[in-house]
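Read off the chains here:
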Amino acid sequence: MVLEGNPEVGSPRTSDLQHTGNKGSCFLSSPGEGAQPGEEPIKYGELIVLGYNGCLASGDKGRRRSRLALSRRPHANGVKPDVMHHISTPLVSKALSNRGQHSISYTLSRSHSVIVEYTHDSDTDMFQIGRSTENMIDFVVTDTSPGVSAAEGPSAQSTISRYACRILCDRRPPYTARIYAAGFDASSNIFLGERAAKWRTPDGLMDGLTTNGVLVMHPAGGFSEDSAPGVWREISVCGNVYTLRDSRSAQQRGKLVENESNVLQDGSLIDLCGATLLWRTPAGLLRAPTLKQLEAQRQEANAARPQCPVGLSTLAFPSPARGRTAPDKQQPWVYVRCGHVHGYHGWGCRRERGPQERECPLCRLVGPYVPLWLGQEAGLCLDPGPPSHAFAPCGHVCSEKTARYWAQTPLPHGTHAFHAACPFCGAWLTGEHGCVRLIFQGPLD
């Protein structure tokens, strides 16, 4: 496509935009390049949405799911920056009407726009994430409400962009994955209007931020038993790293962080202003517990025949197949302030302090009294340790290392706030530590 005006050729670079022409799911039904027929395609990594315990409430369906694997496509569909044009506004519609030409449009004023064109890149695969259900979105993500299932249909109040972000994966080892703010729409365009934060970089190229931004946090020490939360940063449209803005949608960008990159690491968190995703690498997933290990831990815990210290009834964690429905008679319950585990009972209520407030009959501490549920999303666990700790106040159970890591990890909320939250249900954590060690009583016989 030839545009009138004064074209300027911008030198391509890896921190600039790239795009996919994909029209379907990122699960591959045929082997990628280098794979033999019948072999599994090379996996770049997996995205897990925080706040779901292994599956959406209505079930994982197609591109709308709680977890998605990104694998090498049969054919590369990335693009890379090619030419930058300075044009007048009347020509913008002409430039954007060609769906075969991927581009980024920066509106500087009513009479001046910059359009960056892209050309095919045979070395990368591109995956797009957003709220839109259009075909160019590979992973459809909706808002996650703290402590409850997300509204899985379209939401008029959603703060997640229809075309929130995109991930670029190198098709050759080490299969590096990079994240960029914003995704391409049905016209193969990313459009930053007059009010969007945008600027010219020192090397003469353009860059910008989306309205509510895409935030990324890389954990210190990787996603392992020694992990510690990192610092939240904002990723630009061109993949550069900036400190956070004063508020989520402020027009003034933060400061460029030159010694950090948009390369995703095992355990990197991606916040889309309404939902937070966890990136797991294939190597990291090999260290994570498997569903079989989690089931073995459940059976081992039940085999110990823990008892209610008051009612002396035997307690048992329910099977994951039963789902999180109403607790059954053997369901273990916990006083989240002290960690004493009981069976359900109706005494000790402190109605003046709320319907869930109870007085523990063993230590007399008053606090929430909730049923215990095992965390079933293995990718959220740092280690295969025994289920010894519960998040407060939701009662999801996991290993000590996993509980302490998430309890000290602040997750973005709204335009200013950060809250630690249970990774299995999204409930904001309370109490001094956000989690409690469980105290079981064994059988008296």
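An unreviewed UniProt entry annotates the protein as E3 ubiquitin-protein ligase pellino homolog originating from Chinchilla lanigera. In its Pathway (unreviewed entry) section, the UniProt entry covering the protein states "Protein modification; protein ubiquitination." Quoted verbatim from the Function (unreviewed entry) heading of the UniProt record, the comment on the protein is "E3 ubiquitin ligase catalyzing the covalent attachment of ubiquitin moieties onto substrate proteins."

**Student:** Got a minute to help me understand the overall build of the protein in this structure?
**Tutor:** Scanning the protein for helices and strands turns up 4 helices and 28 strands. Here the protein holds 445 residues, and 54% of them are scored as buried. Counting only contacts in the protein whose residues sit at least 6 apart along the sequence, the fraction spanning at least 24 positions is 66%. Entry remark: accessible area of the protein is about 19,600 Å², with carbon and sulfur atoms responsible for 51%.

**Student:** Explain the nonpolar core to me, please; I cannot follow it from the model alone.
**Tutor:** Considering soluble globular proteins, one finds that nonpolar side chains tend to be buried as a cluster. Of all hydrophobic cores here, the largest spans 30 residues; its most connected members are Leu47, Ile129, Ile167, Ile179, Ile270, Leu272 and Leu277. Those elements that provide at least two residues to this core are β2 (43-49), β3 (67-71), β7 (124-130), β9 (165-170), β10 (177-181), β14 (214-217) and β18 (276-280). Ignoring any residue separated from it by four or fewer positions in sequence, one finds Ile179 in contact with Cys165, Arg166, Ile167, Val214, Val216, Ile235, Gly239, Asn262, Leu264 and Ile270. Judged by nonpolar contacts, the second largest core, of 27 residues, contains Phe223, Cys394, Cys398 and Phe424.

**Student:** Is there a simple way to think about the sheet that holds β3 in this case?
**Tutor:** Within a sheet, neighbouring strands are paired by backbone hydrogen bonds and run either parallel or antiparallel to one another. Pairing is antiparallel across the open sheet formed by 7 strands, whose spatial order is β3-β2-β18-β17-β14-β15-β16. Each having just a single partner strand, β3 and β16 (241-242) make up the two edges of the open sheet. Sheet topology places β14 next to strand β15 (residues 232-235); 4 bridges connect them, and they run antiparallel. By the bridge assignment for β15, Met217 is matched with Trp232.

**Student:** Can you help me understand the packing of aromatic side chains in this one?
**Tutor:** Aromatic ring pairs are described here by two measures, namely the spacing of the ring centres and the angle between the planes. Applying the stated criterion across every chain, the model contains 13 aromatic pairs. On the numbers, 6.0 Å between centres and 50 degrees between planes, the contact of Tyr44 with Tyr175 is tilted. A residue pair is termed long-range when its members are at least 10 positions apart, and Tyr44 in strand β2 and Tyr175 in the loop between β9 and β10 qualify at 131 residues. Under the relative-accessibility criterion, Tyr44 is labelled buried at 3%. Grouped by ring-pair contacts, the aromatic residues Trp333, Tyr335, Tyr344 and Tyr369 constitute a single cluster. Sitting over the face of the ring of Trp199, Arg253 holds its NZ or CZ atom 4.4 Å from the ring centroid.

**Student:** In this structure, what is going on with the pattern of salt bridges? I would like to understand it.
**Tutor:** Side-chain pairing between opposite charges can occur once the charged atoms of the two side chains come close. Scanning the model with the defined rule gives 15 salt bridges in all. Two residues, Glu377 and Arg67, come together in a salt bridge whose shortest N-O distance is 2.3 Å. Taken together, the positions of Glu377 in the loop between β23 (373-374) and β24 (389-391) and Arg67 in strand β3 put the pair 310 residues apart, joining distant regions of the chain. Across the salt bridge formed by Arg280 and Asp266, the nearest N and O atoms sit 2.7 Å from each other. Taken together, the positions of Arg280 in strand β18 and Asp266 in the loop between β16 and β17 (269-271) put the pair 14 residues apart, joining distant regions of the chain. We note that Arg280, like Asp266, is buried. Counted as one network, the salt bridges with shared partners bring together Lys43, Glu46, Arg67 and Glu377.

**Student:** Is there a simple way to think about empty space enclosed by the protein in this case?
**Tutor:** Empty pockets left among the atoms are what a rolling probe the size of a water molecule brings to light. Scanning the entire structure with this criterion turns up 3 cavities of 30 Å³ or more. Empty space within the largest cavity amounts to approximately 110 Å³. If you go around the largest cavity, you meet 16 residues; those closest to its centre are Leu294, Gln297, Gly375, Pro387 and Cys398. Secondary structure elements with two or more residues in the lining of the largest cavity: α3 (291-303) and β25 (396-398). Here the lining of the largest cavity gets 3 residues from one element, more than from any other, and that element is α3. Across the lining of the largest cavity, the residue classes tally to 8 nonpolar, 6 polar and 2 charged.

**Student:** Looking at this structure, I do not really get the sheet that holds β7. What am I missing?
**Tutor:** Across the sheet, which stays open at both edges, the 4 strands sit in the order β8-β7-β9-β10 with mixed pairing between neighbours. Each edge of the sheet is formed by a strand with only one pairing partner; in this case those strands are β8 (139-140) and β10. The pairing of β7 with β8 spans 2 bridges and is parallel. Across the sheet, Gly130 pairs through a bridge with Val140, a residue of β8.

**Student:** Honestly, the environment of Gln331 in this entry has me stumped. Any pointers?
**Tutor:** Relative to the elements of secondary structure, Gln331 occurs in the loop between α3 and β19 (333-335). Taking relative accessible area as the criterion, Gln331 reaches 0% and is therefore assigned buried. With 16 residues separating them in the primary sequence, Gln331 and Leu315 have C-alpha atoms 5.9 Å apart. Only 2.5 Å separates the side chain of Gln331 from the backbone oxygen of Leu372, close enough to count as a polar contact.

**Student:** Help me understand the state of the cysteines, please; the structure alone is not making it clear to me.
**Tutor:** Covalently bonding the sulfur atom of one cysteine to the sulfur atom of another cysteine gives a disulfide. With the rule as written, the count across this model stands at 0 disulfides. In this structure Cys308 is not part of a disulfide, and its nearest cysteine sulfur, from Cys360, lies 10.0 Å away. Among the cysteines around Cys398, which has no disulfide bond, Cys381 carries the closest sulfur, lying 6.3 Å off.

Calculation criteria
Residues numbered from 1 in each chain as written. Predicted model: local features only at pLDDT ≥ 70, side-chain atom pairs only at ≥ 80, totals over all residues. Heavy atoms only, no water. UniProt positions renumbered as here; feature names shortened; annotations may be inferred. Helix = DSSP H or I, 4+ residues; strand = E, 2+ residues; numbered from the N terminus. Buried < 20%, exposed > 50% of the residue type's maximum accessible area, 1.4 Å probe, protein only. Contact = heavy atoms within 4.5 Å. Areas by Shrake-Rupley, 256 points an atom, 1.4 Å probe, with all protein chains shown as cover. Core = buried A, V, L, I, M, F, W, Y, C linked by side-chain atoms within 4.5 Å. Pairing = 2+ DSSP bridges. Phe/Tyr/Trp six-rings, centres within 6.5 Å; stacked < 30°, edge-to-face > 60°. Lys NZ or Arg CZ within 6 Å of the ring centre and 35° of its normal. Salt bridge = Lys/Arg side-chain N within 4 Å of Asp/Glu carboxyl O. 1 Å grid on protein atoms, 1.4 Å probe; cavity = no way out; pocket = protein on both sides within 12 Å on 5 of 7 lines; lining within 4 Å. Points joined across faces, edges and corners; volume = space filled by probe spheres on them. Nonpolar A, V, L, I, M, F, W, Y, C, P; charged D, E, K, R; others polar. Polar contact = N/O pair within 3.5 Å; in protein donor to acceptor, adjacent residues only side chain to side chain. Disulfide = S-S within 2.5 Å.

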